[in-house]
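Residue-level listing of the chains:
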Amino acid sequence: MNTITVSAKTLDEAITKALIELGTTSDNLDYTVIDEGSAGFLGIIGAKPVKISAKKKRELDTLDDFLDKDQEAKKQQEAAKREAKAAQKAAKPVEKKPAKPVRENKPVKEEKVYKEEKVVKEEKAAPVENQEKPVVSSKKSVDGTVYEETAKKFLVQMFAAMNMEVEITASYHEGDKELYVDMSGADMGILIGKRGQTLDSLQYLVSLVVNKDCDGYVRVKLDTENYRARRKDTLETLAKNIAYKVKRTRRSVSLEPMNPYERRIIHSALQNDKFVITRSEGEEPFRHVVVSLKRENRENRDKNN
C-alpha cells in the first residue's frame, strides 16, 4: 500500500491531512511520527512542523455486486409468487348461484302485502343522503416488534446470499419513531465501505423495506462496530482544523463531497464559531460543505491592516 509523508503544525493536523489524502477513516490509518517538530521561540522563530508517514491498514471492498445479486433474487422470488397465485386462482372452481325460484300465483291480497313489505325493506336499506363515507387508509399501523422483525429478516436473507455470518440486534423507540439496528461479526469493514458509503446504502434499503405498507414513517439507523460515533468524532476534528486554517489564511476551504448526515455534523460543529461560517454547495452526490470567514470579521481585519 502507498505510504505518504505529511507535515503540519501539530500532530492532529498532520493526521487529519493524512486521512483526507488517503480517503480513509481514523481506525484504518497506520502512521509513524518522523519528526515531532518544535514550537520555536514565541511560536515563530525556529518553529519546525510535525512530520509523519502514513498508510492505510487495508483496502475496504464494497457490496455493490452482492446488492445487485440480492435484488435480482428478490425479483425472481416475487415473480414466482405471482405465478403461483395466478395458478391457484385458475384452479379454484367457480361457484354457481342457484336459480331463483319461480313465484307461484297468489291471491290479490297476498300480492299486495308482499309489495308493501318490499317497499318497507327498500326504505330501510336506502342510504342516507349526504352521508360521509369513512376514509380507509391503504396503509396499516404496525407494532414496533414488527419493524424489528422485518429489518432482521431482510438482513438475514441478504447476508445468507453473501455467505456472511452477521449477528443482528434491533430495537425500536416508539417516542422517536426510530429503529436502531446494530450488526457484529468478522470483517465488518466490508459492510462499512469507503467513508461509510456501503453502510449508508444498506441503511437506505432497510428503510425502504421497513416503511413499506406502513402508516407513518420510521427513521432507520444502521451501525456496526460503533462506526457512526467514530466517524462523527473524525468529522468534528476535521471541522475544527479546517476552521483554524480558514482563520489563519483568510481563504475559504471546500471539503470533499459528503452525504446529508455528515454535512450536518460539520455545520453543527462550527455553528457557534464567531469567525467562520459554513454553507453547502453543489448537487447530489457531489454536494459539499464550504467553510469561509464571516464577512464582518473579514472587513474588520482589512481595516486594521
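A brief structural summary. The structure displayed is predicted, hence computed values, not measured ones. (Residues numbered from 1 in each chain as written. Predicted model: local features only at pLDDT ≥ 70, side-chain atom pairs only at ≥ 80, totals over all residues. Heavy atoms only, no water.)

**So, the overall build of the protein chain**
Step number 1: When helices and strands are tallied, the protein chain shows nine helices and nine strands.
Step number 2: Taken across its 305 residues, the protein chain has 30% of its residues classed as buried.
Step number 3: Taking contacts inside the protein chain between residues at least 6 apart in sequence as the whole, the part at least 24 apart equals 60%.
Step number 4: Just so you have it, the protein chain exposes about 22000 Å², and 50% of that area is on carbon and sulfur atoms. (Helix = DSSP H or I, 4+ residues; strand = E, 2+ residues; numbered from the N terminus. Buried < 20%, exposed > 50% of the residue type's maximum accessible area, 1.4 Å probe, protein only. Contact = heavy atoms within 4.5 Å. Areas by Shrake-Rupley, 256 points an atom, 1.4 Å probe, with all protein chains shown as cover.)

**Some details on the environment of Arg58**
Step number 1: Mapped onto the elements of the fold, Arg58 is located in the loop between β3 (50-56) and α2 (64-91).
Step number 2: Considered as a pair, Arg58 and Gly189 are 131 residues apart in the sequence and their alpha carbons are 9.4 Å apart.

**Details of helix α6 (residues 197-210)**
Step number 1: Helix length check: α6, at 14 residues, gives a terminal C-alpha distance of 20 Å against a target of 20 Å (1.5 Å per residue), a fit within 8%.
Step number 2: For α6, every residue scored as buried is listed here: Thr198, Leu199, Leu202, Leu205, Val206, Ser207 and Val210. (Expected span 1.5 Å × (residues − 1).)

**Considerations on the nonpolar core**
Step number 1: Counting residues in each nonpolar core, the largest one holds 27 residues, and the members touching the most others are Leu155, Phe159, Val166, Leu179, Met183, Leu191 and Val210.
Step number 2: It is helix α4 (residues 144-161) that contributes the most residues to this core, six residues altogether.
Step number 3: Leaving out residues up to four positions away in the same chain, Val210 has contacts with Tyr147, Thr150, Ala151, Leu179, Val218 and Val220. (Core = buried A, V, L, I, M, F, W, Y, C linked by side-chain atoms within 4.5 Å.)

**Comments concerning a positive patch on the surface**
Step number 1: Together, Lys9, Lys17, Lys245 and Arg248 line one region of the surface with positive charge.
Step number 2: Along the chain, the position of Lys9 falls in the loop between β1 (4-8) and α1 (11-22). (Patch = residues over 30% accessible without salt bridge, like charges linked within 9 Å, V, L, I, M, F, W, Y side chains within 5 Å. Salt bridge = Lys/Arg side-chain N within 4 Å of Asp/Glu carboxyl O. Lys, Arg positive; Asp, Glu negative; His and termini not counted. Charge placed at Lys NZ, Arg CZ, Asp CG, Glu CD.)

**What to know about the pairing of β1**
Two faces belong to every sheet, and in a regular strand the side chains alternate between them.
Step number 1: Burial along β1 is one-sided: the face carrying Ile4, Val6 and Ala8 is buried and the face carrying Thr5 and Ser7 is not.
Step number 2: As paired strands, β1 and β3 are joined by five bridges and run antiparallel to one another. Paired with Val6 across the two strands is Ile52, which belongs to β3. (Pairing = 2+ DSSP bridges.)

**Points about the environment of Leu191**
Step number 1: Checked against the element boundaries, Leu191 lands in helix α5 (residues 189-192).
Step number 2: Residues Leu191 and Thr224, 33 residues apart in the sequence, show an inter-C-alpha distance of 8.1 Å.

**Observations concerning the sheet that holds strand β9 (residues 288-293)**
Step number 1: Read from one edge to the other, the open sheet built from three strands follows the order β7-β9-β8, with strand pairing classed as antiparallel. Strands with a single pairing partner mark the edges of an open sheet, and in this sheet they are β7 (253-254) and β8 (276-281).
Step number 2: Inspection of the sheet shows β8 paired to β9 by six bridges, in the antiparallel sense. Bridge assignment links Glu281 to a residue of β9, and that residue is His288.
Step number 3: Strand contacts of helix α8 (residues 260-270): β8 and β9, with the helix running at about 165 degrees to β8, the strand carrying the most contacts. (Axes fitted to C-alpha atoms, helices over the stretch in contact; angles between N-to-C directions.)

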